[in-house]
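Below, each chain spelled out in residue letters.
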Amino acid sequence: MWKNRDLIEITDFTRKDIEILFKQADIFLETRLAPLKILEGKIMATAFFEPSTRTRLSFEAAMHRLGGSVIGFSSTAGTSMEKGESPEDTIRMLDTYSDVIVIRHPGEGVMEGFARLAKQPLINAGEGQTNHPTQALVDLYTIIKEKGKIEGLEYGVMGDVKHARTVKDFIKGLSIFGIREITVVSPKKLAPDESFVKSIEWRGIKLNHYEKIEDVISRLDVLYLVRLQVERFSNLREAKEFKGSYILTLEKLKSAKKDLRILHPLPRTEELPSEVDNTPYAAYFKQVFYSIPVRMAILSLILTDIERVQEGLI
Ligand code: NCD
């Protein structure tokens, strides 16, 4: 059941929960995202302690389309945190002002603590290097829309898998749908660390590491690409070493299957040149589009009885 639930980790949700969410997203798509009033009178607070364009604005757009209102901040500049107020006190305050709180924060494992402070449901919009569950839901939904299914496909992930939370949550999301093997393509030092590999093995997925996309591209159905997470390195000099170390050019896509789909959570840097945009492989702007029905579904399932309506109970 979604109602009043915190959305902190994708693995807290079952396949059935996610299918209910996708069904709701389909309903919003069928009505072409027409404005509704189901969240009229509800307030969503956004607390972004880290930069964001898509996640914050798509949550806001989703809330507006459902008739609700939005308050919040997109950086700590201009808030009382500049005077030394703690994130905890800031969240306590937003909790009294709103009906749902959407938070992005650079700290690892901070969301659990925030959720304990807040009476209202909390949605994790990006947490350190580990979690970004709503992006993973958008990614899985895009695959269903593009390929008709999640199971039975060959998946590859490419780039800074060590530091990027999106790709880690994408892999965790695939584990919920029974995927057993994923190809990781990255420079050795950007491969996921041991603890992630172990935790995902425990969830039934074996990661196979390669350094060159050319060696695996021909067998992939879906390739998930992420940028170098420069801000997560201890210093810029270290990050520079990897700049340009992986770039998906058209040349490298030569032996790709005709119906390969490339996903990218965006923003992109040099790893995904714009020459790929006009190929049938590019699905990353579709991800941007699908983020609206998926986030509309998240908000309406958490804030209303719509799940019971879906089940025909009311
Ligand atoms: C990502 C993030 O914040 O982790 N952005 C997003 O939400 N689509 C990806 C990134 O910054 O690389």
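Residues numbered from 1 in each chain as written. Predicted model: local features only at pLDDT ≥ 70, side-chain atom pairs only at ≥ 80, totals over all residues. Heavy atoms only, no water.

Draft legend 1. Examining the packing of aromatic side chains more closely. Inspection of the entire model under this criterion finds nine aromatic pairs. Taking 5.1 Å as the distance between ring centres and 55° as the angle between the ring planes, the aromatic pair formed by F22 and Y141 counts as tilted. Here the residue F22 occupies a position in helix α1 (residues 15–30), and Y141 occupies one in helix α5 (residues 133–147), the gap between them amounting to 119 residues. By relative accessible area, which is 6% here, F22 ends up buried. A residue is classified by how much of its surface remains accessible, and Y141, at 1% relative accessible area, is buried. Both rings, one in F170 and one in Y224, keep their centres 4.4 Å apart while their planes meet at 15°; by these two values the pair is stacked. You can see F170 sitting in helix α6 (residues 165–176) and its partner Y224 sitting in strand β8 (residues 222–226), a full 54 residues away along the chain. Look at F170 and you get buried, because its relative accessible area is 0%. With relative accessibility at 0%, the residue Y224 sits in the buried group. Of note, R5 hangs over the ring of F13, and the distance from its end group to the ring centre comes to 3.9 Å. (Phe/Tyr/Trp six-rings, centres within 6.5 Å; stacked < 30°, edge-to-face > 60°. Helix = DSSP H or I, 4+ residues; strand = E, 2+ residues; numbered from the N terminus. Buried < 20%, exposed > 50% of the residue type's maximum accessible area, 1.4 Å probe, protein only. Lys NZ or Arg CZ within 6 Å of the ring centre and 35° of its normal.)

Draft legend 2. View of the pairing of strand β1 (residues 43–48). Most of β1 sits out of view: five of its six residues are buried. Across five bridges, the pairing between β1 and strand β2 (residues 69–73) is parallel. By the bridge assignment for β2, T46 is matched with G72. With helix α2 (residues 54–65) bridging β1 and its parallel neighbour β2, the resulting β-α-β unit is right-handed. Two strands pair when backbone bridges link them, and β1 and strand β3 (residues 100–105) are joined in this way by five bridges, in the parallel orientation. Each residue of the ladder has a partner; that of M44, found in β3, is V100. (Pairing = 2+ DSSP bridges. Right-handed = clockwise from strand over helix to strand, strands pointing away.)

Draft legend 3. Representation of the sheet that holds strand β7 (residues 206–210) within the structure. An order of β7-β6-β5-β8-β9 is seen for the five strands of this open sheet, with the pairing classed as parallel. Either end of the sheet is taken by a strand with one partner, and the two such strands are β7 and β9 (261–263). With direction set aside, neighbouring strand axes in the sheet form an average angle of 25°. Bridge analysis of strand β5 (residues 155–159) against β8 gives five bridges, and the strand direction is parallel. Within the sheet, the bridge partner assigned to M158 lies in β8 and is L225. Its contacts with the sheet put α6 on β5, β6 (181–185), β7 and β8, and the angle it makes with β8 is roughly 150°. (Axes fitted to C-alpha atoms, helices over the stretch in contact; angles between N-to-C directions. Contact = heavy atoms within 4.5 Å.)

Draft legend 4. Quick look at empty space enclosed by the protein. Enumeration over the complete set of coordinates arrives at one cavity of 30 Å³ or more. Space inside the largest cavity adds up to approximately 60 Å³. Contributing to the lining of the largest cavity are R54, Q135, V138, H264, P265, L266, Y284, Q287, V288, S291 and R295. If you list the elements that add at least two residues to the lining of the largest cavity, you get α5 and α9 (284–303). At five residues, the largest contribution of residues to the lining of the largest cavity is made by α9. Its residues placed into classes, the lining of the largest cavity shows five nonpolar, four polar and two charged. Taken together, domain 1 (10–131 + 291–313) and domain 2 (133–287) each give at least three residues to the lining of the largest cavity, which thus spans both. (1 Å grid on protein atoms, 1.4 Å probe; cavity = no way out; pocket = protein on both sides within 12 Å on 5 of 7 lines; lining within 4 Å. Points joined across faces, edges and corners; volume = space filled by probe spheres on them. Nonpolar A, V, L, I, M, F, W, Y, C, P; charged D, E, K, R; others polar. Domains from an automatic or database assignment.)

Draft legend 5. Highlighting the layout of surface pockets. Put simply, the largest pocket is a space of about 410 Å³. In terms of lining, the largest pocket is formed by 21 residues, of which the most central are R104, R165, R227, L266 and P267. Here the lining of the largest pocket spans two domains, and each of domain 1 (10–131 + 291–313) and domain 2 (133–287) adds at least three residues to it. Put simply, the second largest pocket is a space of about 150 Å³. M158, V185, S186, P187, E211, K212, I213, E214, S245, Y246, I247 and K252 are the residues that line the second largest pocket. Taken together, the residues that form the lining of the second largest pocket break down as six nonpolar, two polar and four charged.

Draft legend 6. Quick look at the pattern of salt bridges. If you walk through the whole model with that rule in mind, you get 22 salt bridges. A salt bridge links R261 to E146; the nearest nitrogen and oxygen atoms lie 2.7 Å apart. Placement of the pair is R261 in strand β9 and E146 in helix α5, with a sequence separation of 115 residues. A salt bridge links K257 to D221; the shortest N-O distance between them is 2.9 Å. Highlighted residues: K257 in the loop between α8 (236–240) and β9 and D221 in the loop between β7 and β8, separated in sequence by 36 residues. Residue K257 is classed as partly exposed on the basis of its relative accessible area of 30%. Look at the salt bridges and you will find they share partners, linking R15, E19 and E151 into a network. (Salt bridge = Lys/Arg side-chain N within 4 Å of Asp/Glu carboxyl O.)

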